[in-house]
Amino acid sequence: MDQVLRLRDVTKSFGQGDARIEVLRAVSLDLGAGQSLALTGESGSGKSTLLHICAGLEPADQGQVLIGGTDIARCDDVAAAALRRASIGLVFQHFNLIPSLNVAANLAFQARLARRHDAGFQADLAARLGIGHLLARYPEQLSGGQQQRVAIGRCLAVRPRLVLADEPTGNLDEATGDSVLDLMLELSAQAGAALLLVTHSPRLAARCDARAHLRAGRLGPGAT
Amino acid sequence: MPFNSHRLKPAPPRPPPPPAPPPGGGAARPVGRALAVLWLGLVSAQAQGFAGLGLEVEGFAAPQRGHALEFPRDHGAHPDYRIEWWYLTATLSDADGQDYGVQLALFRSPYAPEEREGFASPQIWMGHIGLTSRDAHFAAERFARGGVGQAGVSTAPFEAFIDEWRMISTAAPDQDALDHLELRAGTAEFGFELTLQATGPLVLHGDQGFSVKSFDGRASYYYSQPFYQVTGQLDLPDGPVGVTGQGWLDHEWSSQPLSDDQQGWDWVSLSFEDGHRMMGFQLRGHDIFTAGTWVTPEGQATALPPGALRFTPLDHAEVAGREVPVRWRIDWEDGGVSVITEPLNPHAWMDLGISYWEGPLRFSGSHSGRGYLEMTGY
Amino acid sequence: MNRAALGALLSHWARHPFQLAMLLMGLALATALWSGVQALNAEARAAYASAEELLADGGLARLEHPSGRMPDAEFGRLRRAGWMVSAVVEGRARLGQARVTLLGIEPLSAPAGGTGPALAQADLESFLSGTGFAHPQTLAEMGDNGLDLRPSGAVPVGMVLVDIAQAQDVLDMRGQITRLTLAPDQRKGLTPLAELAPDLTLIPPGEGADLAGLTDSFHLNLTAFGLLAFAVGLFIVHSAVGLAFEQRRGLFRSLRAMGVPLRNLCALLGAEMALFGLLAGALGLVLGYLMAALLLPDVALSLRGLYGAPVPGALQFNPVWAAAGLGMTLAGMAIAGGQALWRLAHLPLLAPAQPRAWAQASARARRAQAALAVALALAALGLAQWGGGLVAGFALLAAALLACALIMPVLLAGALALAGRAARGPVAQWFWADSRQNLPRLSLALMALLLALAANIGVGTMVSSFRATFIGWLDQRLVAEVNVIPRDPAEAARIRAFVAARGEAALPVQRVDATLAGQPAQIYAMKDHATFRDNWPMLDALPDLWDRLAAGKGVLINEQLAHRDGLGPGDVLTLPQLGAMPVLGVYPDYGNPLAQAVTGLDLFAANWPDAPVRQYALRSDAPQALIAALQDELGLSSGQITDQAAAKAMSLAIFERTFLITGALNLLTLSVAALALFAALMTLSGMRLVQLAPLWALGLTPRALAGLEALRALVLAAMTMIFALPVGLMLAQLLLAVINVQAFGWRLPMQLFPADWARLAAGAWLAVALAVALPAWRLWRDGPRDLLKVFAHER
């Protein structure tokens, strides 16, 4: 299988001396195209840090973070940004949208950054996400669920190889959250993107193809 | 009138001048006081080193016994003497029999024994006028420096002036310059215009005008014209009043102060109904020094030796916050004179930069008549 | 409860020390500029008052001779006539190292109430013997001066008080005096002065060289600048307070949810603002005092050079001034904080706690701002149409400037929208859209920048126009190659004969002081000479002007007199002695506070035969040879001779001084505006992270983001500058055509100086670049870490 994300012995710690906390200890994982992996763990277990490292937002201390064969952990800032632009879609709990742009511009933003904008594809995505009627609105005029749909649409519009989502439904009620997650899983699978979902909810984790659990910085198998 | 450079020295302790002028009309008062202090300073500062008789002090001349006075020259100013004045007092009455007193005094005191042209002149002049009635007493003062025609005394013709206040001779050429005088002075509040006609000769006090002032022999040149008949008009707040009466002019100059212990004096000029005149004073120090002159209606003068006169205060009045003896008994036992003086107005206080009591009186007892009383150092 | 709540409220500042610093600094600077200017004004006014008190001159009538002198016998003569007059000798003299005004008084006759006579009378004997008084500063400036002078703060700077005899000596005026002062109370029934002294002019109290009146316009200018600076400072405070309220909305909501009543919350916030107001006000007073102390020597020089006004170079501390300054600060704080407090009071308990741009939150506010701008513009138009006087002129200025400032954000938003529409590419579109959305946060700072820039352009244009006109005018007026000051009439005659014998022209300068149309004025004589016919600049004139002037058939007047009395060529002016004369022409007379008229020399000589020749203007083809001859053959001292270049240099120096203080305040105002922008950008940069983080996540590098942030500020500043140019030119036009005419009585043609604008733009851009550099650099350096915090903190 085409491995989109491959982590090898990734180590990360914060602080120094006695205050040093090892957040990640030799974490390794593989994620193939079209696959979804739910990463669970207690608060502070290092889930988000692992996600940030995968996105190149944060460097790893040691180990490899290969995205399509490129080690993003070895990239400088510019290269990491370029990789992110072209290959990675990120969805967070908050702060996903650019408040000064309307929904249409937000949807197109990353695709245009990556010079991969396809109006037809985007319109199709919007329709499937059920936000086709909101294109002229601004983020502040949207509900939380609508905002996250736009965020998912924007990240899929770039046709990323890897989708990284950090509690994307954490701010939504259960029903809305479920439908948003379903859409994300479905659409990334259809696009052949690998999806890494960070969540603390076993219920959501159960919807993914695979699960892993972070405990004290070490990755173990998730509950099935 | 006695001569003494401490004559106008205020008796210590003395309240300082008021910090602000009283409302209305009195705006010039503090300035006057400051000027008066200067005027005193000129006189007394130079007195500090004075020690002895007839010595020249810092270039100023001193009176000499036996020096003959010469008129009209000596009617004029003597710039080389440290202090000099022309002092006219008049006891007057109007048609209704109301009594009044009028005075005009011109003082001169330089800070150098010379005269110079223009504002550079060191001669400082001070003018005082007063007008007393039974109910009121007015006083005013002026200051000037010589050299610019603002104040001075000239001899041909005789004229003593400061600003528009003046005393000018209208005597005929064969008369003494002081025989006939025109007087005019005033302020916005009061004024007077008098004509004076002398009916007798000049009177030289002491030894031919050399008038001794203390036991250690300090002296001045001092003469008077005590025989004026006066007519004129007073300007009072209520309007003009025509008056007649008698007048007395003193001219005195010296450079010597009194002894340090002499704090003030009491001085009278008396015009007897029988035509006699008498001048007398006492200087109050450790000892009382008295002197005087007895003048017949014809002008024959007799100097009264020290101690011949006796001044006894009878009643005090509170004037300007001070206890002032305004009623006196004056005795000259050898001459058979014992009179009691009654002031026209006990509140005749000259509340000027230099302040003192000066006002008209009537006297009775062995003799009766009218006169003027001056009291300083209270 | 209040204590805990206050602690929670104040904790915000502990976490945002920079914001606190900006708030305090903005308020302190506003206070400093305002109170500094006030201190300058107060000091100068106190100096005028002390100058008048010296002789109690302001309240006294005076007697003067048209020639400026009279024999001192006049004093004695009038005194003997019963008039309570006092003699004064006044003149300029070089004593030691300084030129001073020597004032000789006669303390024995001086009316009570003057501080001068009081000083003299404190120790009259030494005063009469030659001991005088001068301000310690004057003493220091003079150095060894040959007089026996004691220091006294009661004597104005630049003046020396001595006895009249001494003044006559020093000024070489033995036997002569300058004027007589009349005591207020005089006896009735005196011979009238008109009969006693027909050749003396009686000048009623309060007329004549009233320094306070002459310098009013100068101080009004300063005050206007102070207010402008205060307004600019308030913009900083307003934005800082608004931001602080907005950032604490969540806290407010929590506090209210936990049971703190709204009233208490408002009171606590009010107390907090009052506390800051007091702190910043105190700091501002210190700064203002220091600023005033720093600027005072320049102001003093200006005032002394312009009006001969005696202003000391050292500042006194005045508690009333401090209280007024503090009051102004608190009022400013109330204005800045009142709006935020009002919003809080009307905030629903559960309003969203997310930070939202308060200006943007309500489109109503924007509409209200535009409406206010329109109303102010209308008011300005109304004032321009119907207003009169200097105060109306300044009101017009203020209304027009504020209208421009208020409308600017609306125009900027429009421009940004247009740019966004034209933009291709996602980043460009985002750039413009984001700039537009963040405009409300920056608009206050940009408005402050606009005001400062416009003031700079306006005042700069005015000063430069003035300078260009003034230099041209000087070249026309100062045509004489050599100027000579004769010491006395005999020497004047010698100079005239000497110069005539060399075949060169000596043009006499003679003048008398007079009152023209109720104003202090001077009447000058003008010889009929090609020098004047060919060069003398005229604004408006009748034909055959020079022939008619030479024939004594009319007068010339200066623009000040023409403006104040609405006179023009052909109108009739009444002059003392001369009676009604037609006005032949109006000439510009820049820098002169007094009214002036010019008559032909023959007419002048016939009416004022005693007026001394104060100066000769000599025309020569070989000026250096003439100067040498005057010195060698006529024995004139070099101090009596000025050549043309020196005269021009002196005039220009006076001119430059006049606007020195304006330039300094201009710079300060611009600095405050730059600080406002810096403050806004710094506070914004914290909030911007949240907006920038998604872009980072989407693949823009922090450096690109930092660059874009800097670019945005520079673009906004550039747009503000472009907008400031017409506003500044409008201001210049108002200053030249309205304020100057009202204040000084002259109108100047506006000239444009694009090079100055370029310099200003470069300077302002540099200031903005500095203001933007720190936040951009922080983003550049700490971008990844700070941006990550956004995501890390989200849970």
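Thresholds, definitions, all that
- Residues numbered from 1 in each chain as written.
- Chains lettered and ligands numbered in written order.
- Predicted model: local features only at pLDDT ≥ 70, side-chain atom pairs only at ≥ 80, totals over all residues.
- Helix = DSSP H or I, 4+ residues; strand = E, 2+ residues; numbered from the N terminus.
- Buried ≥ 20, exposed ≤ 12 C-beta atoms within 10 Å, placed from the backbone.
- Contact = placed C-beta atoms within 7 Å.
- Pairing = 2+ DSSP bridges.
- Axes fitted to C-alpha atoms, helices over the stretch in contact; angles between N-to-C directions.
- Nonpolar A, V, L, I, M, F, W, Y, C, P; charged D, E, K, R; others polar.
- Core = buried A, V, L, I, M, F, W, Y, C linked by C-beta atoms within 7 Å.
- pLDDT = per-residue confidence, 0-100.

Novice: Any chance you could explain the overall build of chain B here in plain terms?
Specialist: Along its length, chain B carries one helix and 23 strands. Residue burial in chain B is summarised as follows: out of 378 residues, 55% are buried. Put simply, of all contacts in chain B between residues at least 6 apart along the chain, 57% involve residues at least 24 apart.

Novice: Can you help me understand the sheet that holds strand β8 (residues 194–198) of chain A in this one?
Specialist: Strands in a sheet are paired, the pairing made by backbone hydrogen bonds, and the direction either parallel or antiparallel. Residues and elements named next belong to chain A. Taken together, six strands build an open sheet; the order of strands is β6-β7-β8-β3-β9-β10 and the sheet is mixed. The open sheet has two edge strands with one neighbour each: β6 (88–91) and β10 (218–221). Recorded for the sheet is a direction-independent mean angle of 20° between the axes of neighbouring strands. Seen against the sheet, helix α1 (residues 47–54) touches β3 (36–41), β7 (162–166), β8 and β9 (210–215) and runs at an angle of roughly 150° to β8.

Novice: I keep staring at the interface of chain C and chain A and nothing clicks. Help me out?
Specialist: The accessible area lost on association of the parts is a frequent measure of interface size. On the chain A side, the residues contacting the 24 residues of chain C number 27 residues. Breaking the side of chain C that touches chain A down by element, the ones donating at least two residues are α16 (426–477), α23 (644–697) and α25 (754–792) of chain C. For the side of chain C that touches chain A, the per-class residue count stands at 16 nonpolar, five polar and three charged.

Novice: Can you help me understand the nonpolar core in this one?
Specialist: Nonpolar side chains in soluble globular proteins tend to end up buried together. Formed by 216 residues in total, the largest nonpolar core has its most connected members in Leu-450 and Leu-451 of chain C. Per element, the largest residue contribution to this core is 24 residues, and it comes from α16 of chain C. With 143 residues, the next largest nonpolar core counts Ile-162 and Val-212 of chain B together with Trp-83 and Ile-105 of chain C among its residues.

Novice: Explain the environment of Thr-31 of chain C to me, please; I cannot follow it from the model alone.
Specialist: Structurally, the position occupied by Thr-31 of chain C is in helix α2 (residues 17–55). What Thr-31 of chain C contacts, discounting residues up to four positions off in sequence, is Ala-280, Gly-281, Gly-284, Leu-285, Gly-288, Gly-325, Met-328 and Thr-329 of chain C.

Novice: Looking at this structure, how should I read the interface of chain C and chain B?
Specialist: Each partner contributes to the interface: chain C provides 28 residues, whereas chain B provides 25 residues. Per element, the largest residue contribution to the side of chain C that touches chain B is six residues, and it comes from helix α3 (residues 73–80) of chain C. In terms of residue class, the side of chain C that touches chain B is built from 10 nonpolar, eight polar and 10 charged.

Novice: How should the sheet that holds strand β1 (residues 3–14) of chain A be read in this particular structure?
Specialist: All names here are of chain A. In spatial order, the strands read β2-β1-β4-β5; together these four strands make up an open sheet with antiparallel pairing. Every interior strand has two partners, whereas the edge strands, β2 (21–32) and β5 (70–71), have only one. Note that strand β4 (residues 62–67) and β5 share two bridges and pair antiparallel. Paired with Leu-66 across the two strands is Asp-71, which belongs to β5.

Novice: Where do I start with the pairing of strand β5 (residues 151–155) of chain B in this structure?
Specialist: Strand residues, when the strand is regular, have side chains that alternate between the two faces of the sheet. Residue and element names in this part refer to chain B. Note that β5 and strand β6 (residues 158–162) share five bridges and pair antiparallel. Residue pairing in the sheet places Ser-154 in a bridge with Glu-159 of β6. Hairpin connection of β5 to β6: two residues between the antiparallel strands.

Novice: Teacher, can you tell me more about the confidence of the model for chain B here?
Specialist: It should be kept in mind that the predicted coordinates are not to be read in detail where pLDDT is low. Residue and element names in this part refer to chain B. Taken over all residues, the pLDDT of chain B has a mean of 83, while the share at 70 or more is 83%. Note that pLDDT drops below 50 for residues 1–35; the model gives that stretch 72 contacts with residues more than four away or on any other chain. Note that residues 37–56 has pLDDT below 50 and, in this model, 36 contacts with residues that lie over four places away or in other chains.

Novice: Would you take a moment to explain the environment of Phe-158 of chain B for this structure?
Specialist: Residue and element names in this part refer to chain B. With respect to the element layout, Phe-158 can be found in strand β6. You can call Phe-158 buried: it has 23 C-beta atoms within 10 Å. The sequence separation of Phe-158 and His-75 amounts to 83 residues, and the corresponding C-alpha distance is 7.5 Å. With near-sequence residues (within four places) excluded, Phe-158 lies in contact with Pro-72, His-75, Ser-169, Ala-177 and Leu-178.

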